[in-house]
Amino acid sequence: MKALDVSQTVLKAESQGLNFFYGQAQALHGLSLPVYDRCVTALIGPSGCGKTTYLRCFNRMHDLYPGNRYEGEVILYPDRVNIVGPEVDPIEVRMRIGMVFQKPNPFPKSIYENVAYGMRIRGVSSKADLDMVVERALQEAALWGEVKDRLQASAMNLSGGQQQRLCIARALATSPELLLFDEPTSALDPTATSRIEELVTELKQKVAIVIVTHNMQQAARVSDHTAFMYEGRLVEFNRTEKMFTNPSVKLTEDYVTGRFG
Amino acid sequence: MQRHIDQEFSDLKDRLLQMGALVEEQIDRAITAMIERDAVLAGEVIERDMLVNRFDVEIDETCIRLLALQAPAAKDLRFVTTAMKISTELERMSDLAENICERVIELNEEPQLKPYIDLPRMAAWTMKMVHETLDAFVRQDAALARKVCADDDFVDNLTHQLFRELVSFMIENPATITRAIRLTFIGKYIERIADHATNIGELVIYMVEGKIVRHMTPPATSPTL
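Here the structure is a predicted model, which means the values were calculated and not measured.

Every contact between the two is made by twelve residues of chain B and, on the other side, twelve residues of chain A. Taken together, the links from chain B to chain A amount to two salt bridges. For Asp76 of chain B, the salt bridge goes to Arg259 of chain A, with nearest N and O atoms at 2.9 Å. Here chain B and chain A share eight residue pairs in polar contact (both at pLDDT 80 or more) between them. Considering each element in turn, the side of chain B that touches chain A owes the most residues, five residues, to helix H3 (residues 74-107) of chain B. Grouping the amino acids of the side of chain B that touches chain A by side-chain chemistry returns five nonpolar, one polar and six charged.

What follows is the structure, given as structure tokens:
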């Protein structure tokens, strides 16, 4: 991996020598990668390179299936908690680290309940408190104006782009420190895509963001840093500008220019 | 993997080289017109500048299309943006060849001021630079590009020498002023062509290495005037 001057940025999280196994099969090999606060980090690489596997480690998603195993660390700052440590409660991790998926997956509930859900789990039941959180999260997700008059309507009736923003609002409701996006626009049309991209740029004023994308132009447009992964290993991590104008590693060059394969 | 876009890049490179060959010919013919006091040839060079302009527009359009439709990245991006800039540099060289010819036609209205010694040397050196810088582009040869940039000092020195000589002519005999000034201009035009060759060299270094070396060191011996 090539070094990078990041003296101006603050670490939000970092993986150190992270290995991950699906049963016997090793999917990640010694991944060490920083995530900087108030920055967008894009993960790019061909299908099967481990981007999503890596992203899911941050949210302990792999714990849902038996036989999966982590080695190494994913440190969340400032308190330096090891997210993948067995002693750490995955529910706590998910309060601090929100995730948005490829396909919008609202709960079959009202718009309001979708956003309030995380806070309810946390034990917040006061209507005034929930109202406030729901409004803030919907505002931050740039959805409030479109849904404020029908908060009790079913989330399933929203358009795809709106559903995805609702999922972002749901993730934002618990005031996470880190947001994970797993190809958040691959199921959306160009207009909805550009709204999400704008939103990502807005949100990074407050939180650290990691985004997995197959759309290289999207990575180039929205991210500050880009990590290129191949076969479960990190090939290059660099400033996005550098990655797309003059990458340091030949393999990255081949990938971003489409010479790959 | 051979990509469809590689053919487009290859075509673009060919067009740029055709343009380069035409510009080299324009400069060569402008210098010949000066040495042989050939106003007809000078007229032809002026006429043919429009061919170079056409190349410039066409290459620009191709590059803009590639940028818009292919969104090239990394070395592809550096190639397309460099091609665009090289085209501009070449177009300016051709303009300067045209300017030389305009002065040649004016100079031909009076007897030759002096035998031309430094001007053909400057021109020969400059043409070599233009040729080598285009070679460096084709072969992606940053070392050759660096050599061209270094060669510019030699042309600058000759330009200094020429200016001193022409100034002494003007001081000794004011009747030579018109011709001496026109020759001074020609010297400056040639020196500018060498500068454009240097610019191309710097662009080639960027294309190959991704390093911007322009404006890094102020030219120590850039001729004043």
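All names here are of chain A. Overall, antiparallel pairing links the four strands, which are arranged E2-E1-E4-E5 in an open sheet. Looking along the sheet, the strands with just one partner apiece sit at the ends: strand E2 (25-36) and strand E5 (81-82). The pairing of strand E1 (residues 11-22) with E2 spans eight bridges and is antiparallel. Residue pairing in the sheet places Leu18 in a bridge with Leu31 of E2.

All right, on to the pattern of salt bridges then. For the structure on display, the rule yields 38 salt bridges over all chains. Ionic pairing is found between Arg120 of chain A and Glu113 of chain A, a salt bridge with its closest N-O pair at 2.6 Å. With relative accessibility at 22%, the residue Glu113 of chain A sits in the partly exposed group. Across the salt bridge formed by Arg48 of chain B and Glu25 of chain B, the nearest N and O atoms sit 2.7 Å from each other. A residue pair is termed long-range when its members are at least 10 positions apart, and Arg48 of chain B in helix H2 (residues 39-70) and Glu25 of chain B in helix H1 (residues 4-35) qualify at 23 residues. Relative accessible area serves as the criterion here: at 24%, Arg48 of chain B is assigned to the partly exposed category. A network of salt bridges, in which partner residues are shared, links Lys12, Asp79, Arg96 and Glu177 of chain A.

The next subject is the nonpolar core. For soluble globular proteins, the rule of thumb is that nonpolar side chains tend to be buried together. Residues and elements named next belong to chain B. By size, the foremost hydrophobic cluster in this structure holds 64 residues, and its most contacted members are Leu90, Met93, Ile100, Leu119 and Ile186. Counting only elements with at least two residues in this core, the list comes to H1, H2, H3, helix H4 (118-139), helix H5 (142-172) and helix H6 (177-209). The dominant element in this core, judged by the number of residues it contributes, is H6, at 13 residues. Setting aside residues no more than four positions away along its own chain, Leu90 makes contact with Leu16, Met19, Gly20, Val23, Val52, Leu134 and Ile200.

In this section: the packing of H1 of chain B against H3 of chain B. Each packed pair of helices is defined by two parameters, the angle between the axes and the distance between the axes. Residue and element names in this part refer to chain B. Close contact between H1 and H3 brings their axes to 9 Å; oriented N to C, the two are set at 20°. It follows that H1 is roughly parallel to H3 by the angle criterion. Here H1 and H3 pass one another in a crossing that is left-handed. Partitioned by chemical class, the residues of the contact of H1 with H3 number 20 nonpolar, four polar and three charged.

Below, the discussion takes up the environment of Pro176 of chain A. Residues and elements named next belong to chain A. As for its placement among the helices and strands, Pro176 is situated in the loop between helix H6 (160-172) and strand E7 (178-182). Pro176 gets classed as buried once you look at its relative accessible area, which sits at 6%. Note: C-alpha distance between Pro176 and Met95 (81 residues apart in sequence) is 6.3 Å. Filtering out sequence-adjacent residues up to four positions away, Pro176 remains in contact with Met95, Arg96, Ile97, Gly98, Ala171 and Val207.

Another aspect to go through is the packing of helix H3 (residues 111-121) of chain A against helix H4 (residues 127-140) of chain A. Residue and element names in this part refer to chain A. Their axes nearest at 9 Å, the elements H3 and H4 cross at an angle of 115°. Judged on the interaxial angle alone, H4 and H3 are roughly perpendicular. Here H3 runs over H4; the crossing is right-handed. Of the residues in H4, those touching H3 at Ile111, Tyr112, Val115, Ala116, Met119 and Arg120 are Lys127, Leu130, Asp131, Val133, Val134, Ala137 and Leu138.

What counts and what doesn't
- Residues numbered from 1 in each chain as written.
- Chains lettered and ligands numbered in written order.
- Predicted model: local features only at pLDDT ≥ 70, side-chain atom pairs only at ≥ 80, totals over all residues.
- Heavy atoms only, no water.
- Contact = heavy atoms within 4.5 Å.
- Salt bridge = Lys/Arg side-chain N within 4 Å of Asp/Glu carboxyl O.
- Polar contact = N/O pair within 3.5 Å; in protein donor to acceptor, adjacent residues only side chain to side chain.
- Helix = DSSP H or I, 4+ residues; strand = E, 2+ residues; numbered from the N terminus.
- Nonpolar A, V, L, I, M, F, W, Y, C, P; charged D, E, K, R; others polar.
- Pairing = 2+ DSSP bridges.
- Buried < 20%, exposed > 50% of the residue type's maximum accessible area, 1.4 Å probe, protein only.
- Core = buried A, V, L, I, M, F, W, Y, C linked by side-chain atoms within 4.5 Å.
- Axes fitted to C-alpha atoms, helices over the stretch in contact; angles between N-to-C directions.
- Parallel < 35°, antiparallel > 145°, perpendicular 65-115°, else oblique.
- Left-handed = near helix turned anticlockwise from the far one by under 90°.

Any functional reading would require information beyond the geometric quantities listed.
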